[in-house]
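Descriptive structure summary
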Number of protein chains: 2
Amino acid sequence: MDVRIITISREFGSGGRTIGKKLAERLGVPYYDKELVNEVALETGFDPRYIEEAGEHAPIGGRLAYAFNMQGVPGIMRGLSATDFLWCIQREVILRIADKGPCVIVGRSADYILKDRKDALHVFVHADMDFRAERIVRLYGQSEKTPEQRLRDKDKKRAVNYEHYTGREWGRSQNYTLTLNSGAIGVERCVDLLADLVGPIKAETPAPETAQ
Amino acid sequence: MDVRIITISREFGSGGRTIGKKLAERLGVPYYDKELVNEVALETGFDPRYIEEAGEHAPIGGRLAYAFNMQGVPGIMRGLSATDFLWCIQREVILRIADKGPCVIVGRSADYILKDRKDALHVFVHADMDFRAERIVRLYGQSEKTPEQRLRDKDKKRAVNYEHYTGREWGRSQNYTLTLNSGAIGVERCVDLLADLVGPIKAETPAPETAQ
């Protein structure tokens, strides 16, 4: 495989984001996660916090879930709910980022959006409940809910969003080039394994100018 | 991870068996597939061809699907159907093989049977329909059914058997330490990746004799 794009989908707390970030550093390519949210915010005018929440979560209602009929919204977007509109913009942004050059993209159903690219490696990272529970409490602190409830809620939201927009089952191994249990393998070993598999990413060679 | 046992589950035609065999050679450990069938045949007196067919397939009826009530069958096994009886014996044989020492076991729900062993690495190998169709025609020749029908039938049977006896979904990434798309990665690269991940398997150190 001549890999140029790596998408990372992950269970909450599995360390998928850390793996993506370290892999991007190791490969010397851009990393998109929050960066993608900011790009979508610029395109849509939505608050980045709303995009972060709704961009990977269930397409439910809320104060912004109305139909778009106002001026300035392209015709094809009119009548869409806010989450559908967000999905469309997010999809455009991801396709554009992937066209720009080699990168690592975390979350946001990028595996589905880029499924037809022959140069994309799609990864799903998961881990046992105990490993993830310990990790989220260490990284994000305690909350009113138990760590297990937080994990179940967040995974459920990601799964519903993914299934709604892609028609595929979230976490089904056949959707990904490879899936990794980061708890059993270890976060660092996952980075090593992926970096070895991808190998050095060749820089884009500009097309030679043709003599007229 | 200090891996001593590798289980490989696989979609039909994905090359999972080849990967298992090559990995076992590379690691210098025994490989169980047909060997396991023969061991179960010895235990049960069933025809190896029946075990090979029924051991991974749907627990449906047939001329052998009767209850065991005869002499010689342990009390706990009486009243079981032939496929349930086969499952129990197969499970015992797999647990015993794993206790004997490092090895690679292909198929037969070994991932579930050995799920509580901390020294086991569980792998699921899958690939796109085109890759698998080309492969089964090349390896096993044509048949009355299209390659796609053969793949779907065999996968379906394995999935039904797995789900019936384990209560888990076949191919769900969370059941495995890692899953690999052998079509995208390549069969040889899958062997390299697994051999790197497992590393050299240490020989069993016999317990020192204690002086009386």
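Attention here is on the structure that accompanies the text. (Residues numbered from 1 in each chain as written. Chains lettered and ligands numbered in written order. Predicted model: local features only at pLDDT ≥ 70, side-chain atom pairs only at ≥ 80, totals over all residues. Heavy atoms only, no water.)

**Brief notes about unusual backbone geometry**
Just so we agree on the cut-off: Here a strand is any run of E in DSSP of at least two residues, a helix any run of H or I of at least four, and the numbering for each starts at the N terminus. In this scheme, a residue with accessible area under 20% of its type's maximum is buried, one over 50% is exposed, and one in between is partly exposed, where area comes from a 1.4 Å probe on protein chains only.
Of note in the backbone geometry, A:R108 takes a positive phi value of approximately 60 degrees without being a glycine. Among the secondary structure elements, A:R108 is positioned in the loop between β3 (103–106) and α5 (110–113). Not every positive phi belongs to a glycine, and B:S109 is a case in point at roughly 55 degrees. Mapping B:S109 onto the fold places it in the loop between β3 (103–106) and α5 (110–113). Owing to a relative accessible area of 8%, B:S109 belongs among the buried residues under this scheme.

**Remarks on the relation of the copies chain B and chain A**
Quick note on the threshold: Residues reaching a pLDDT of at least 70 in both copies supply the C-alpha atoms on which the copies are superposed by least squares. Here, residues are in contact when the closest pair of their heavy atoms is within 4.5 Å.
Of the two same-sequence chains, chain B is brought onto chain A (RMSD 0.0 Å, axial shift 0.0 Å) by a rotation of 180 degrees. Interpreted geometrically, this transformation is the action of a two-fold axis. The overlap is high: 100% of the interface residues of chain B also sit at the interface in chain A, so the same surface is used on both sides.

**Re the pattern of salt bridges**
Close approach of charged atoms allows side chains of opposite charge to pair. Residue and element names in this part refer to chain A. Note the threshold: In the sections that follow, a salt bridge refers to a side-chain nitrogen of Lys or Arg positioned within 4 Å of a carboxyl oxygen of Asp or Glu.
Under the defined criterion, the tally for this structure stands at 26 salt bridges over all chains. Among the ionic pairs, D99 bridges to R117, the shortest N-O distance being 3.0 Å. You can see D99 sitting in helix α4 (residues 82–100) and its partner R117 sitting in the loop between α5 and β4 (120–126), a full 18 residues away along the chain. The structure contains a network of salt bridges with shared partners spanning E11, R132 and D155.

**Digging into the interface of chain B and chain A**
Just so we agree on the cut-off: The quantity reported as buried area is the accessible area (1.4 Å probe) lost by two parts once they are put together, taken as the sum for both. Under the rule applied, a polar contact is a pair of N or O atoms within 3.5 Å (in protein, one hydrogen donor and one hydrogen acceptor; residues adjacent in sequence only if both atoms are side-chain atoms). Residue polarity follows a fixed list, in which Ala, Val, Leu, Ile, Met, Phe, Trp, Tyr, Cys and Pro are nonpolar, Asp, Glu, Lys and Arg are charged, and the others, Gly among them, are polar. Two strands qualify as a pair provided DSSP detects at least 2 bridges between them.
Contact residues are listed per partner, giving 20 residues for chain B and 20 residues for chain A. Contact between chain B and chain A buries roughly 1,800 Å² in total, counting both sides, with carbon and sulfur atoms accounting for 49%. Contact with chain A buries surface across chain B, with B:S173, B:Q174 and B:L197 losing the most and accounting together for 25% of the total. Remark: the boundary between chain B and chain A carries zero salt bridges. For the interface between chain B and chain A, the tally reads 15 residue pairs in polar contact (both at pLDDT 80 or more). Among the elements of the structure, β4 (120–126), β5 (178–181), α8 (182–185) and α9 (187–198) of chain B are those that each provide at least two residues to the side of chain B that touches chain A. When its residues are assigned to classes, the side of chain B that touches chain A shows nine nonpolar, seven polar and four charged. Judged from the three bridges that link them, strand β5 (residues 178–181) of chain A and β5(B) form a sheet pairing that is antiparallel. Across the sheet, residue A:T179 finds its bridge partner in β5(B), namely B:T179.

**Concerning the nonpolar core**
In plain terms, the rule: Residues enter a nonpolar core if they are buried and are Ala, Val, Leu, Ile, Met, Phe, Trp, Tyr or Cys, with the set joined through side-chain atoms within 4.5 Å.
The biggest cluster of nonpolar side chains holds 52 residues, and the ones touching the most others in it are A:I6, A:L178, B:I6 and B:L178. Excluding anything up to four places from it in sequence, A:I6 contacts A:L23, A:L27, A:C103, A:V104, A:I105, A:L121, A:V123, A:V198 and A:I201.

**Topic: the packing of helix α9 (residues 187–198) of chain A against α9(B)**
So the rule is basically this: Each axis is a line fitted through C-alpha atoms, and for a helix only the stretch in contact is used; angles between axes span 0 to 180 degrees, taken between their N-to-C directions. When describing relative orientation, an angle under 35 degrees is termed roughly parallel and one over 145 degrees roughly antiparallel, while 65 to 115 degrees is termed roughly perpendicular and anything else oblique. Note on convention: near helix rotated counterclockwise from far helix by under a right angle means a left-handed crossing. Clockwise means right-handed.
Remark: α9(A) packs on α9(B), axes separated minimally by 11 Å, with the N-to-C direction vectors making an angle of 150 degrees. Comparing the axis directions of α9(A) and α9(B) gives the class roughly antiparallel. Crossing hand, α9(A) versus α9(B): right-handed. On the side of α9(A), the interface is formed by A:R189, A:L193, A:D196 and A:L197, while α9(B) contributes B:R189, B:L193, B:D196 and B:L197. Looking at the contact of α9(A) with α9(B) residue by residue, the class counts come to four nonpolar, no polar and four charged.

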